[in-house]
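Reading the structure
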Amino acid sequence: MPIISDVREYLDELTEIRRDIHAHPEIGFTEERTGDLVAQKLKEYGCEVHRGLAKTGVVGTLRKGNSLRAIGLRADMDCLPMQEHNEFAHRSTQDGLMHACGHDGHTTMLLGAARYLSQTRNFEGTVHFIFQPGEEGYGGGRVMVQEGLFEKFPCDAVFAMHNKPGIPIGSMAIRPGPMLAASDRFDIRIKAKGGHAAHPHLGTDPFVIGAQIVMALQTITARNIDPVDSTVISIGFMKGGSAYNVIPDDLHIGGTVRSFRPETRDLLEQRMTEITAGTAALFGASATCDYRRGYPPTINHADEATFAADVAAEICGEEQIDRNVAPSLGGEDFSYMLQRVPGAMMWIGNGPGEGGCLLHNSRYDFNDSALPVGVSFFARLAERFLAPQE
Ligand SMILES: [Zn+2]
Ligand SMILES: [Zn+2]
């Protein structure tokens, strides 16, 4: 596979960096050690380094020539709040924290591209290497944009990639338009009238009402939304009660909602609110649904998605590129960057997802064999986007 041959020379160092980050995971907005490592490497490679956007964000900049064109390449640095169950030497040293989404790989691949581009400087214009904190629910990408990322570092286009188990090493996938879903959260609070569990007729039971609400919510995706328009409503928890023989007064249900289209998102919020209140009223109780919008959908811009696929094909071969992959119901805060600047996000194959090795699994590990592919992809994106004008 024609990955950039120079990259092979420092693959050992990159693997070491990747495993070091894996062993020292940091949760959203606390990426101090990771940020230090990134800043130190960027300086070593000869980049200008800016720190402090969204607390722990780091931006490295390389300039060459007088061209005003600029490209942004983005990686995320944070881990997940979960216990790692791997036993290899580079497993997490932090209890309850783990790089289970491969962001250690993203950060390393972008550092590798910074190293290559600073050595070769085969471009005209500016490359901004954007290392963002807190992708996993903290909206670090949103905060960077709000704090002036693209005013301080103007970009004509911005690109990112995410590792994906189930896609072979050396393959990549993308699609124009919706790539990942909008990701929202909800809290349903049922207020009923509890009492002795042996005398349920003297009150209203929040569990029976909650069970009805959970089932009724699924009719929104099945009966209110166009079947070809993908949506998900998933319950993440139901909390209530404390004794075998007591019916409690209240029940708290929470979960996530995923969608792609703005009008569908509006309909989901409206129907969830109606069904919650209506079902509770039907059984003589009351309930509210607090629907909170999270990340918007990640929408790839058509021209930039084609450009990214062309660059990926140059590295991996056209037959290894899926240019029309199915959208994922996962969410991404790279979406906030794509709302401001044209660009695209690409999947990079992490190899087979067998043996529980899926994203957010306690045995997940970024596959170091993907490093040369990702470094080459980021580097060539910059070289092709900023190709010297004849
Ligand atoms: Zn994740
Ligand atoms: Zn992720």
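Residues numbered from 1 in each chain as written. Chains lettered and ligands numbered in written order. Predicted model: local features only at pLDDT ≥ 70, side-chain atom pairs only at ≥ 80, totals over all residues. Heavy atoms only, no water.

Here's the deal with the coordination of the zinc ion (ligand 1)
The line we're drawing: Think of the donor list as every N, O and S atom within 2.8 Å of the metal, or within 3.2 Å for Na, K and Ca; water never makes the list, so a site can look incomplete. Strands here mean DSSP runs of E at least two residues long; helices mean DSSP runs of H or I at least four residues long; both are numbered from the N terminus. Burial classification: accessible surface area is computed with a 1.4 Å probe over protein chains only, and a residue below 20% of its type maximum counts as buried, one above 50% as exposed, and the rest as partly exposed.
Around the zinc ion (ligand 1), the donor atoms from the protein are Cys101 (SG), Glu136 (OE) and His360 (NE2), and they sit 2.0 to 2.2 Å away. Going along the chain, you hit the donors of the zinc ion (ligand 1) in the pattern C-x34-E-x223-H. Separating the zinc ion (ligand 1) and the zinc ion (ligand 2) is a distance of 3.1 Å, and Cys101 donates to both of them. Of this pair, Cys101 sits in the loop between strand E3 (70–76) and helix H4 (103–120) while Glu136 sits in the loop between strand E4 (125–132) and helix H5 (140–146), and the two are 35 residues apart along the sequence. Neither Cys101 nor Glu136 differs from the other in exposure class; each is buried.

A few points about the packing of aromatic side chains
Filter applied, for reference: Note on aromatic pairs: the rings of Phe, Tyr and Trp (six-membered ring only in Trp) are paired at centre separations within 6.5 Å, and the planes decide the class, stacked below 30 degrees, edge-to-face beyond 60, tilted for the rest. Charges are assigned to positions over rings by a cutoff of 6 Å between ring centre and Lys NZ or Arg CZ, combined with an angular limit of 35 degrees from the ring normal.
Taken as a whole and judged by the stated rule, the model has six aromatic pairs. Three or more aromatic residues link up through ring pairs in this structure, and these residues are Phe159, Phe307 and Phe385. Between Arg69 and the ring centre of Phe385, over which it is positioned, the NZ or CZ distance is 4.0 Å. The residue whose ring lies beneath Lys164 is Trp347, and the NZ or CZ to ring-centre distance is 4.0 Å.

A look at helix H7 (residues 206–224)
Applied cut-off: To estimate the expected span of a helix, subtract one from its residue number and multiply by 1.5 Å. Should any heavy atoms of two residues lie within 4.5 Å, those residues are considered in contact. We define a polar contact as two N or O atoms separated by no more than 3.5 Å, with the added condition that, inside protein, one atom must be a possible hydrogen donor and the other a possible acceptor, whereas residues neighbouring each other in sequence contribute only through side-chain atom pairs.
An ideal rise of 1.5 Å per residue puts 27 Å on 19 residues; H7 measures up with 25 Å between its terminal C-alpha atoms. For H7, the secondary structure elements touched by its buried residues are strand E8 (182–191), strand E10 (232–239), strand E11 (246–247), strand E12 (250–259), helix H8 (262–282) and strand E13 (286–295). The N-terminus of H7 is capped by Asp205, whose side-chain oxygen sits 2.8 Å from the backbone nitrogen of Phe207.

Some thoughts on the sheet that holds E10
The following threshold applies: At least two bridges found by DSSP between two strands are what make those strands a pair. Between the N-to-C directions of two axes lies an angle of 0 to 180 degrees, each axis being a line fitted to C-alpha atoms and, for a helix, fitted only over the stretch in contact.
Read from one edge to the other, the open sheet built from four strands follows the order E10-E12-E8-E13, with strand pairing classed as antiparallel. Each edge of the open sheet carries a strand with a single partner, namely E10 and E13. Each adjacent strand pair in this sheet contributes to an overall mean axis angle of 20°, direction not counted. Bridging between E10 and E12 involves seven bridges; their strand directions are antiparallel.

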